[in-house]
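# Overview (structure and organization)
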Amino acid sequence: MIDDEPAMAVRRSPVPARAVALVLHGGSEHGTAVVRPWRLAYLRMVPFAKALHAAGAAQGLEVRLLRNRVRGWNAPTLDPVRDARWALDRIRAETPDVPVLLVGHSMGGRVALRVADDPAVTAVCALAPWTPEGEPVEPVRDRSVLIAHGTRDRMTSPEASHAYARRAAGTAARLARFEVADEGHAMLRKSAVWNRFVTGFAAGELDWPGQDGVPASAWSAPADLRLRLAL
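In short, a report on the structure. (Residues numbered from 1 in each chain as written. Predicted model: local features only at pLDDT ≥ 70, side-chain atom pairs only at ≥ 80, totals over all residues. Heavy atoms only, no water.)

### Some details on the overall build of the chain
The following threshold applies: Strands here mean DSSP runs of E at least two residues long; helices mean DSSP runs of H or I at least four residues long; both are numbered from the N terminus. Just to be clear, the radius of gyration here is over C-alpha atoms, and the globule rule we use is 2.2 Å times residues to the power 0.38. Relative accessibility thresholds used throughout: buried, under 20% of the residue-type maximum; exposed, over 50%; partly exposed, between the two (1.4 Å probe, protein chains only). Working rule for contacts: check all heavy atoms of both residues, and any pair within 4.5 Å makes them a contact. A 1.4 Å probe and the Shrake-Rupley method give the accessible areas. Residues count as covered only by the protein chains that appear here. A positive count includes Lys and Arg, and a negative count includes Asp and Glu. His and the chain ends are not counted in either. Throughout, a charge is located at the NZ atom of Lys, the CZ atom of Arg, the CG atom of Asp or the CD atom of Glu.
Along its length, the chain carries eight helices and eight strands. Its C-alpha radius of gyration of 16 Å places the chain within 12% of the 17 Å reference for a compact globule of 231 residues. With the principal axes as the frame, the chain shows a C-alpha extent of 50 × 40 × 35 Å. Burial analysis of the chain (231 residues in total) assigns 55% to the buried set. Considering only intrachain contacts with a sequence separation of at least 6, the fraction spanning at least 24 residues in the chain is 72%. Summed over all atoms, the accessible surface of the chain reaches about 10,200 Å², with 53% contributed by carbon and sulfur. Computed over 30 positive and 25 negative side-chain charges, the separation of the two mean positions in the chain equals 4 Å.

### Considering the layout of surface pockets
Let me state the cut-off plainly: Cavity and pocket criteria rest on a 1 Å grid covering protein atoms alone: a 1.4 Å probe that fits but cannot get out defines a cavity, protein on both sides within 12 Å along at least 5 of 7 lines defines an open pocket, and an atom within 4 Å of a point defines a lining residue. Grid points are joined across faces, edges and corners, and a volume is the space filled by probe spheres set on the points. Side-chain classes follow a simple rule in which Ala, Val, Leu, Ile, Met, Phe, Trp, Tyr, Cys and Pro form the nonpolar group, Asp, Glu, Lys and Arg form the charged group, and the remainder, Gly included, forms the polar group.
The calculated volume of the largest pocket comes to roughly 400 Å³. Among the elements that line the lining of the largest pocket, the one with the most residues is helix 1 (residues 40-43), at three residues. For the lining of the largest pocket, the residue count by class is seven nonpolar, seven polar and four charged.

### Thoughts on the pairing of strand 4 (residues 100-105)
Definition in use: If DSSP finds at least two bridges between two strands, the strands pair. With the strands pointing away from the viewer, any crossover whose connection runs clockwise from the first strand over the helix to the second is right-handed.
When you tally the buried positions in strand 4, you get six out of six residues, the bulk of the element. By the bridge criterion, five bridges tie strand 2 (residues 19-24) to strand 4 in an arrangement that is parallel. Bridge pairing in strand 4 links Ala 21 to Leu 101. As judged from the six bridges shared by strand 4 and strand 5 (residues 121-127), these two strands associate in the parallel manner. Looking across to strand 5, one finds that Val 100 is bridged to Val 121. Traced from strand 4 through helix 4 (residues 107-114) to strand 5, the parallel crossover comes out right-handed.

Written as structure tokens, this is what we have:
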């Protein structure tokens, strides 16, 4: 039996929340298997949630890690999109009027880009996102968007995320895309690089004092360079 609701682990800030990071895990194109806490796609995002909390808790960052009800994207029902919107509804109800940053990997990256149109969302960080041809770019209108992809990814296409970034660049408020040399889909070979990238994304978006964000030059580089930056 499929659970009626997803699950959401919450890491709270010791000070009143000034922002929320919602972390979204990967999955598969099809599948109704229940996502258990030990599924690898979910576990892979736990270190990102911990890194974000360690870097931002003192600045008022609350971190929420969503665990979807089922494994698949499952068009046309789009189960993980429904789950992410459920999470965003909860966040807006429990921490109203604070910005939400989305961090998603693989299918979770696709979900993050889809639900960026939620009124609370201000920025998206998509890691090795699954962005097939025709993926809509309208949801990221007026949002900050960062994409990063390993050059040796065989699960999701780096060239497809580049094509998505080219199409979305004129819609997003600002957009940059990074490439991680010799890295695969699981982001394990250079895990420290990925963690710093995600925490830098949050630091830059929320203007944390004393912490480095994404270099300003990344946002202002010429379009052809801005979509193939080295990380």
